[in-house]
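One-letter residues, chain by chain:
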Amino acid sequence: MLLAAAALGATLYATYCSSCHGSVGQGSNLAPPLIGKPAVDVHFMLDTGRMPAAAPYVNEIPRASHFDERQITAIVQYVLQLSPQPASSALPAVGPGNVDAGRRLFSENCAQCHGATGDGASVGANDVAPALSTATLFQIAEAIRAGPGEMPSFGADVLSSRQVDDIAHYVKYVQAHGNLPEGANAGGLSLAHDGPVAEGFIAWLFGIGALVLFVRFIGTTD
């Protein structure tokens, strides 16, 4: 069984990964090295369909995975074996979470890029913080620990396992209900659940409109 899994991982890696990441994970001008990467990093990129990449060094968006769970596990284990000192093979295990605590943590650590309700946004240049509307509990926890793309990695010294659970369950709550928990809002006046950015846009729209009307008024006064 172990030999079969190892052979499967080697075959899949050679077929789908080696042309960019190198035959032994050393990296190339097309993709970064995989040597020393923990399991959660590799698993997340495969689980969310970001890899194999459509083009080198492109900010990938989540899509259906190219592999099933057995294949993903085999590739992850193979990549770990490429390191002289294999990195952590631990993956997050999501338990029950508190939505209210998760909302506060999400607001402090995630909303600046993903939006108050995980709708996603641009974070500069061609980089985006993707919408979280289809992410599973496990994928949310993976992303927090792995820190894909421009996202920072939140280790256990920053967010505990319980706090990761809380954030994941908050995101799932918003996915299911389409808005913030009762009694919460993204700030300022209640304009759906879009928060201060949308409110600022409305303020500018009305402010500029009032200014245009004022200029037209004083420009036509004798």
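Criteria and thresholds
Each chain carries its own residue numbering, running from 1 in the written order of its sequence. Note on the predicted model: pLDDT of at least 70 is required for a residue's local features to be given, and 80 or more for side-chain atom pairs to be given and counted; whole-chain, interface and lining totals, by contrast, use all residues. Only heavy atoms go into the side-chain values, all of them from the structure, while hydrogens and water stay out. Comment: axis = line fitted to C-alpha atoms, over the contacting stretch for helices; angle = value between 0 and 180 degrees taken between N-to-C directions. By definition, any uninterrupted DSSP run of H or I lasting at least four residues is a helix, any uninterrupted run of E lasting at least two residues is a strand, and each is numbered from the N terminus. Our angle categories are set so that under 35 degrees counts as roughly parallel, over 145 as roughly antiparallel, 65 to 115 as roughly perpendicular, and the remainder as oblique. Here a crossing is taken to be left-handed if its near helix is turned anticlockwise relative to the far helix by less than a right angle, and right-handed if that turn runs clockwise. Here, two residues are considered to be in contact whenever any of their heavy atoms come within 4.5 Å of each other. Charged means Asp, Glu, Lys or Arg here, nonpolar means Ala, Val, Leu, Ile, Met, Phe, Trp, Tyr, Cys or Pro, and polar covers whatever is left, Gly included. Confidence of the predictor in every single residue is expressed as pLDDT, which spans 0 to 100. A helix is expected to span 1.5 Å multiplied by its residue count minus one. Remark: exposure states derive from per-residue accessible area (1.4 Å probe, protein chains only) relative to the maximum for the residue type, with buried under 20%, exposed over 50%, and partly exposed in between.

### A few points about the packing of helix α7 (residues 137–146) against helix α8 (residues 161–177)
Inference 1: Packing of α7 against α8 leaves a shortest axis separation of 9 Å and a crossing angle of 130°. In terms of their interaxial angle, α7 and α8 are classed as oblique. As for the relative orientation of α7 and α8, their crossing is right-handed in sense. Contacts from L137, I140, A141, I144 and R145 in α7 reach S161, V164, I167, A168, H169, V171 and K172 in α8.
Inference 2: Here the residues of the contact of α7 with α8 are counted per class, giving eight nonpolar, two polar and two charged.

### Remarks on the confidence of the model for the protein
Inference 1: Averaged over all residues, the pLDDT of the protein equals 84, while 83% of them reach at least 70.
Inference 2: Low pLDDT, under 50, characterises residues 186–196; the predicted model gives this stretch 18 contacts beyond four residues in sequence or across chains.

### Some remarks on α8
Because each turn of an α-helix spans 3.6 residues, side chains separated by three or four positions in sequence point in the same direction.
Inference 1: Given a rise of 1.5 Å per residue, 17 residues ought to cover 24 Å, and the 24 Å separating the end C-alpha atoms of α8 matches this to within 8%.
Inference 2: The complete set of buried residues in α8 reads V164, D165, D166, I167, A168, Y170, V171 and V174.
Inference 3: Of the surrounding elements, those touching the buried residues of α8 are α5 (99–109) and α7.

### Quick word on the environment of Q85
Inference 1: Residue placement: Q85 occurs in the loop between α4 (69–81) and α5.
Inference 2: In the structure, Q85 is positioned 49 residues away from G36 in sequence and 7.4 Å away in space, judged by C-alpha atoms.

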